[in-house]
Amino acid sequence: MTAFFQNTIGLPFGWAWFVATIVGILVIALPLMLAVAMIIYADRKIWAAMALRRGPNVVGPLGLLQSFADGLKVFLQETIIPSGANKTLFLIAPIITFTVALIVWAVVPWQAGVVLSNINVGLLYILAASSLGVYGIILAGWSSNSKYPFYSAIRAAAQMVSYEVSIGFVLIAVVLWAGTFNLGGIVEGQKAHIFGLINGYGFNPLLFPMAVVFFISSLAETQRAPFDLTEAESELVAGYQTEYSSMSFALYWLGEYANVLLMCALNATLFWGGYLPPIDWAPLYLVPGILWLFAKILFFFFVFSWVKATVPRYRYDQLMRLGWKIFLPLSLIFVFLVSGYLMWARVGFPA
Amino acid sequence: MIQLIAFYLFATIVCLSGAFTIISRNPVHSVLWLILAFFNAAGLMVLAGAEFIAMLLVIVYVGAVAVLFLFVVMMLNIDFAELRAGVMRYAAVGLALAVALVAEIVIAIGAYSAGGLALGRRIAPIEADVPNIEAIGRLLYTRYLFIFEGAGLVLLVAMIGAIVLTWRQRSDVRPQNINRQINRRAKDATRNMNPPVGQGVEL
């Protein structure tokens, strides 16, 4: 796109790059907002179907406009800031959550070579951005100056830091196999991975357990059920969002679902072939890669909703036990196994 | 051009937030300013072409260390009047430190303007076409292998030390046996009885 602005419109390179990046950001962020609105509707419909209810069905045909009606409603509400709250941090916190949920999309490859920012530390960038996400919640909890949000913030901080550890090891296993931190490179590395026929690291017996660990950790990382202890409504009212209203609440709402979509996209990209079709067969490549990616994202989103509708909430000590005593050793062992196998297959044992 | 703007933006924010880290009365604000400083320092490193170090700075310091800082600071209930009362007591030590730092800066600037040291050949020349993750990896696992593994060993010892210091076995509590909880089935816990009238149930 930079070339287009440079040659057709005649801007100097610096400005052409700048305008092209801004356009790229808008092209990703605006449809993403729309997708978030629709995915909230989908979540409620799936959840309703599993509970044998109808779900939203009043606003618009089949209730399709429900999310927009909700958005309009919160937009028109009054923003209430508690008098004991730390005003600046109280307002910054939802902005952080929302921003962090959006910035990671910059490195997600949509098609072969179609990515906003093709950096060679893509995966580390994702880890860095997701480690920022915890601040939105901690700050909300502290600045609200209220007991329930504070408990929630402490839970969230411990939970996210714990599960990032095992996510880190899972990503190392993937990086070892792909030999690059670049997400595009990781997707290309999955082409014809099994028997020269099936695309995707997830089908590899050494990486499949990692894919499962990553999926469950991504549930914990986005604070979805069964790990939604930060907003366990039976204990903490609404967790860190208790004191929020109007648009500041809506930012959390949008950020949360944008994060969920992002984690689905990462699951698809890292383990299940991203924009590649599932089987390395020429006719399947006629379908644009972005549709394969969307299909995978939607599949994982369905699984997220499915889990939310069926699995009861974990107790806090069980959550910590799962993170530290099961996932951490498991992912460490698999980093060991994967690097051992790769050493054997690519370098060979020293005689 | 844009590099220059970005550099001055990041550098100004690093300096300002560093200053605010010290000035802030509220310890939580201090930690948050510190986080902002880390974040912008990472921006400076990206500009310098060290994107790997930049990302590690954000992941390790912002993502883990500062979260734990914030965790501790949020829980503390710090009495500000008491803190301010202590300032005069430590004024002499603080002043001495400040003088030492200023003297060091002056000496460093003097030495720098007198001309740098001739270091000879660089040990690890940077090749432009190698991504810096690879460049660092090559150095760490060849030339500095023993030092690197030594550092790992030191960290391991520190970790074991921390565990030993905080480890205590309590005999007065009944710990949860997760396997037993998971393996427990309804038929192990309940009995279906049909007791005759007037006899009750044996437990």
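Rules of the game
Residues numbered from 1 in each chain as written. Chains lettered and ligands numbered in written order. Predicted model: local features only at pLDDT ≥ 70, side-chain atom pairs only at ≥ 80, totals over all residues. Heavy atoms only, no water. UniProt positions renumbered as here; feature names shortened; annotations may be inferred. Axes fitted to C-alpha atoms, helices over the stretch in contact; angles between N-to-C directions. Helix = DSSP H or I, 4+ residues; strand = E, 2+ residues; numbered from the N terminus. Parallel < 35°, antiparallel > 145°, perpendicular 65-115°, else oblique. Left-handed = near helix turned anticlockwise from the far one by under 90°. Buried < 20%, exposed > 50% of the residue type's maximum accessible area, 1.4 Å probe, protein only. Contact = heavy atoms within 4.5 Å. Buried area = accessible area lost by both parts, 1.4 Å probe. Salt bridge = Lys/Arg side-chain N within 4 Å of Asp/Glu carboxyl O. Polar contact = N/O pair within 3.5 Å; in protein donor to acceptor, adjacent residues only side chain to side chain. Expected span 1.5 Å × (residues − 1).

- By the naming in an unreviewed UniProt entry, chain B goes by NADH-quinone oxidoreductase subunit J and is assigned to Sphingomonas naasensis.
- Among the UniProt annotations of chain B, the heading Function (unreviewed entry) holds the following wording: "NDH-1 shuttles electrons from NADH, via FMN and iron-sulfur (Fe-S) centers, to quinones in the respiratory chain. Couples the redox reaction to proton translocation (for every two electrons transferred, four hydrogen ions are translocated across the cytoplasmic membrane), and thus conserves the redox energy in a proton gradient."
- Entered under Subcellular location (unreviewed entry) in the UniProt record, the comment concerning chain B runs "Cell membrane".

- Under the annotation held in an unreviewed UniProt entry, chain A carries the name NADH-quinone oxidoreductase subunit H and is attributed to Sphingomonas naasensis.
- Here is the UniProt Subunit (unreviewed entry) comment for chain A, exactly as written: "NDH-1 is composed of 14 different subunits. Subunits NuoA, H, J, K, L, M, N constitute the membrane sector of the complex."
- Of the comments in the UniProt record for chain A, the one headed Catalytic activity (unreviewed entry) reads "a quinone + NADH + 5 H(+)(in) = a quinol + NAD(+) + 4 H(+)(out)".

Description of the packing of helix α6 (residues 147-178) of chain A against helix α12 (residues 316-347) of chain A
Residue and element names in this part refer to chain A.
Step number 1: Running from amino to carboxyl end, α6 crosses α12 at an angle of 15°, the nearest separation of the two axes being 8 Å. Relative to α12, the element α6 is oriented roughly parallel. Handedness of the α6/α12 crossing: left-handed.

Notes on unusual backbone geometry
All names here are of chain A.
Step number 1: Residue L62 is not a glycine yet carries a positive backbone phi of 60°.
Step number 2: When you line up the elements, L62 lands in the loop between α2 (13-50) and α3 (66-76).
Step number 3: Notably, S246 is not glycine yet its phi reads approximately 55°, a positive angle.
Step number 4: On the basis of relative accessibility, which here comes to 2%, the residue S246 falls in the buried class.

Details of the environment of A:R54
Residue and element names in this part refer to chain A.
Step number 1: Counting through the fold element by element, R54 comes out in the loop between α2 and α3.
Step number 2: Once the C-alpha coordinates of R54 and F304 are considered, the two residues, 250 residues apart in sequence, prove to be 19 Å apart.
Step number 3: When sequence neighbours within four positions are dropped, the list of residues in contact with R54 reads K45 and A48.

Some points on the interface of chain B and chain A
As a measure of interface size, the accessible area lost when the parts come together is often cited.
Step number 1: Residue-level contacts link 25 residues of chain B with 26 residues of chain A.
Step number 2: Summing both sides of the interface, chain B and chain A together bury roughly 2200 Å²; the carbon and sulfur share of this comes to 79%.
Step number 3: A per-residue breakdown of the area chain B buries against chain A is headed by B:M55, B:I59 and B:M74, which together make up 24% of the total.
Step number 4: Between chain B and chain A we count zero salt bridges in total.
Step number 5: The tally of links between chain B and chain A comes to four residue pairs in polar contact (both at pLDDT 80 or more).
Step number 6: For the side of chain B that touches chain A, the elements supplying multiple residues, two or more each, are α2 (27-47), α3 (51-75) and α8 (178-183) of chain B.

Thoughts on the UniProt feature "transmembrane region" (unreviewed entry) in chain B
Residues and elements named next belong to chain B.
Step number 1: Mapped onto this numbering, the UniProt entry gives "transmembrane region" (unreviewed entry) at residues 6-24, 31-50, 56-78, 90-112 and 144-167.
Step number 2: Across residues 6-24, helical content stands at 95% and strand content at 0%; the span's end C-alpha atoms are separated by 26 Å.
Step number 3: Secondary structure within residues 90-112 divides into 96% helix and 0% strand; the distance between the first and last C-alpha atoms comes to 33 Å.

Focus on the UniProt feature "transmembrane region" (unreviewed entry) in chain A
Residue and element names in this part refer to chain A.
Step number 1: In this structure's numbering, the residues bearing the UniProt feature "transmembrane region" (unreviewed entry) are residues 15-42, 89-110, 122-142, 163-181, 201-220, 250-272, 284-306 and 326-344.
Step number 2: The distance from the first to the last C-alpha atom of residues 89-110 is 35 Å, and the span holds 68% helix and 0% strand.
Step number 3: Segment residues 284-306 splits into 78% helix and 0% strand. End C-alpha atoms: 28 Å apart.

So, the pattern of salt bridges
Residue and element names in this part refer to chain A.
Step number 1: Across all of its chains, the model carries eight salt bridges over all chains by this definition.
Step number 2: Salt-bridge contacts for D43 lead to K308; the nearest nitrogen and oxygen are separated by 3.6 Å. Taken as a pair, D43 in helix α2 and K308 in helix α11 (residues 289-310) lie far apart in primary sequence, 265 residues in all.
Step number 3: Owing to a relative accessible area of 1%, D43 belongs among the buried residues under this scheme.
Step number 4: Notably, a salt bridge pairs D70 with R44, separated by 3.1 Å at the nearest N-O pair. Of this pair, D70 sits in helix α3 while R44 sits in helix α2, placing them 26 residues apart in sequence.
Step number 5: A relative accessible area of 14% places D70 in the buried class.
Step number 6: The exposure class of R44 is partly exposed, given its relative accessible area of 33%.
Step number 7: Ionic contacts of the salt-bridge type, sharing partners, join the residues D43, R224 and K308 into one network.

Structural notes on helix α5 (residues 91-113) of chain B
All names here are of chain B.
Step number 1: End to end, α5 covers 33 Å across 23 residues, agreeing with the expected 33 Å (1.5 Å per residue, within 8%).
Step number 2: Taking burial as the measure, the 23 residues of α5 include zero buried ones, a minor fraction of the element.
Step number 3: After α5 finishes, the residue G115 shows a positive phi value of roughly 110°.

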